[in-house]
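The lines below spell out each chain.
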Amino acid sequence: MGNLAIISSILLLVIFRVACNAHDQAFLKCLREKAAGNGKILEDVYAPNSQRYLSLVELSQKNPRWLNSTLQLPLLIVTPQEEKEIGSVIVCSKKVGLEIRVKSGGHDYEGLSFRTQNGNPFVMIDLRNLNATEINLEEESVWIQTGVMLGQLYYEIARRSNVHAFPGGLYPGVGSGGHISGGGFGTLLRKYGLAADNVLDARILDVNGRILDRNAMGEDLFWALRGGGGASFGVILAWKLQLVRVPEQITVFSFRRKLEARNFYLLQRWQNIAHQYNNDIFMRVLIQNLGTNAPGDKKVVQMTFNGQFLGTPNELVPLLNESFPEFGFEAKDCFEEPIEKNNTNCPDKPCIKKECSQVSWIRSVFYFSGKNMTGPLEIMLNPKNNRVQYSKGKSDYVKTPIPEKGWEIVQTFFLKEQSPMMILDPYGGRVSEIAEDEIPFPHRKGNLFNIQYLNYWLDNSEANGKLTWIHNLYTQMEPFVANSPRTSYINYKDLDLGTNDKDYSYSTAKVWGEKYFKGNFERLARVKGKVDPDNFFKNEQSIPVLL
């Protein structure tokens, strides 16, 4: 995965490190003193001249857009084996003037868990070794360390129970640390709310190197961690999560149509219905291209109504046929056993327009993440994606249905691009019943759905054109989405919205901060002022200090 680019960057970084050698040596000296007779943290510190450093950098960067950037790579990488070891890393980084980045899964859309734009030397704390889980079925809860990926969490739940789940995201390789601290939603959000709505307790290592649970940290900080982006307040070490109940068998389904004028009415109907469905139904829309740019290959824009129902096909049939009789859904369309997803890349031949399976909850995770549904559960423990793709994402919230003119714009843009995608996730149900200041995540009642815009490419020499495309689409969609402010989801981080200035001023940060957090941004900044008044935990979109 981009080894030449990584090696080139590391060679330049080695040169850069000469200027930072004092920091480097002072940090290691401090760590050696702190670690004396207490842990093996020094064995897990890697510099750019180590082979392990190279592999850790490669594994960290799920999006390789920044591999050719020299000063954005960490000066040192630390992979602690125990929670208590991280305190020494924080104390020593503060002492010698190094910044830190904390990586749980590495899926930060702007790479802020493993890079910096300001060129300041930093230590990356990679939490991969902190991956313990402890399930208590009597209490219906689970403690997980933040090195746990969502796939591991779901696997461990499925091993213990076929009627429990957790309402987190769809993709097994996403880290639990950043995902939950940003809110975190998936197919259960209409039934049970966000991942962050189901956090019972947490452990965080603060700026002074202390490990605090909910009782010790206090309710203000506990509030901030659940949706406010935890990297601004300390190093989140573990979550205690509420498990939720699901039927032994649920139903997953997809219906496909071309995105064209004669089918726009289906999107209009979806916008008016999806957020008002029975809370047991989650039905999103995926918009993507089929075909290639090869000569003679016809490009088609496809929309997929893709969903989950917490019940049987027989129960789902009347609900769906009342709202979408065009899909002609029948219970006999559903297989009782997991099936491998049908190949939908068929613009020039008849496509399978509908599919349905009755599956266990864990198999629904396979379905929505595109995994072979008959594969072993252990796939959840190592959900590798061998295809290297560059990408850029943006997001919006929608409060009134987008008119046909908006979908015409989308169709036009998609026909001009190779591999774009839009994901429309319906809200309503439980996620909209919770007050918008209950936790920092404010996008509750009144939001019909979230839009995620994505563009992918394989050759980074195309980056400028790809970034321009998504920026222009985002600009064209402005009349149709939430405004004052135009809101976005923090887990789909977007530096185009704005970044902190060199002074990390509240007034500058408020411009982008209120797009993510609305009125909760001020409270987040005041919590920051209490727990990290010197602003040690900072990045390009960290919460600023407000005293």
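The structure this text deals with has already been given above.
Below you will find a few notes about this structure. (Residues numbered from 1 in each chain as written. Predicted model: local features only at pLDDT ≥ 70, side-chain atom pairs only at ≥ 80, totals over all residues. Heavy atoms only, no water.)

**Structural notes on the nonpolar core**
- Counting 116 residues, the largest nonpolar core has Ile287, Phe305, Trp361, Met422 and Leu424 as its most contacted members.
- Ranked by residues supplied to this core, first place goes to helix α12 (residues 361-368) with six residues.
- The contacts of Met422, once residues within four sequence positions are left out, are Val285, Leu286, Ile287, Trp407, Val410, Phe414, Ile451, Gln452, Tyr453 and Leu473.
- Grouped together as the second largest cluster of nonpolar side chains are 28 residues, Val78, Val96, Ile100 and Ile125 included. (Core = buried A, V, L, I, M, F, W, Y, C linked by side-chain atoms within 4.5 Å. Buried < 20%, exposed > 50% of the residue type's maximum accessible area, 1.4 Å probe, protein only. Helix = DSSP H or I, 4+ residues; strand = E, 2+ residues; numbered from the N terminus. Contact = heavy atoms within 4.5 Å.)

**A closer look at the sheet that holds strand β14 (residues 300-309)**
- Reading across from one edge, β15-β16-β12-β14-β13-β18-β19-β17 is the order of the eight strands in this open sheet, with mixed pairing throughout. Strand pairing shows two members of the sheet lacking a second neighbour, β15 (334-335) and β17 (390-398), which therefore form its edges.
- Pairing analysis gives ten bridges linking strand β13 (residues 281-290) to β14, with the strands arranged antiparallel. Residue pairing across strands places Arg284 opposite Asn306, the latter belonging to β14.
- Where α12 meets the sheet, it contacts β12 (250-258), β13, β14 and β16 (354-359), and its direction lies at approximately 20° from that of β12.
- Sitting on the sheet, helix α13 (residues 404-415) is in contact with β13, β14 and β18 (420-426), with an inclination near 150° to β18. (Pairing = 2+ DSSP bridges. Axes fitted to C-alpha atoms, helices over the stretch in contact; angles between N-to-C directions.)

**With respect to the pairing of strand β19 (residues 449-457)**
- In terms of residue burial, β19 counts as a mostly covered element, since eight of its nine residues are buried.
- Pairing geometry for β17 and β19, over nine bridges, is antiparallel. Note that in β19 the partner of Val398 across the bridge is Phe449.
- Sheet analysis places β18 next to β19, joined by seven bridges and oriented antiparallel. In the strand pairing of β19, Leu424 is matched with Ile451.

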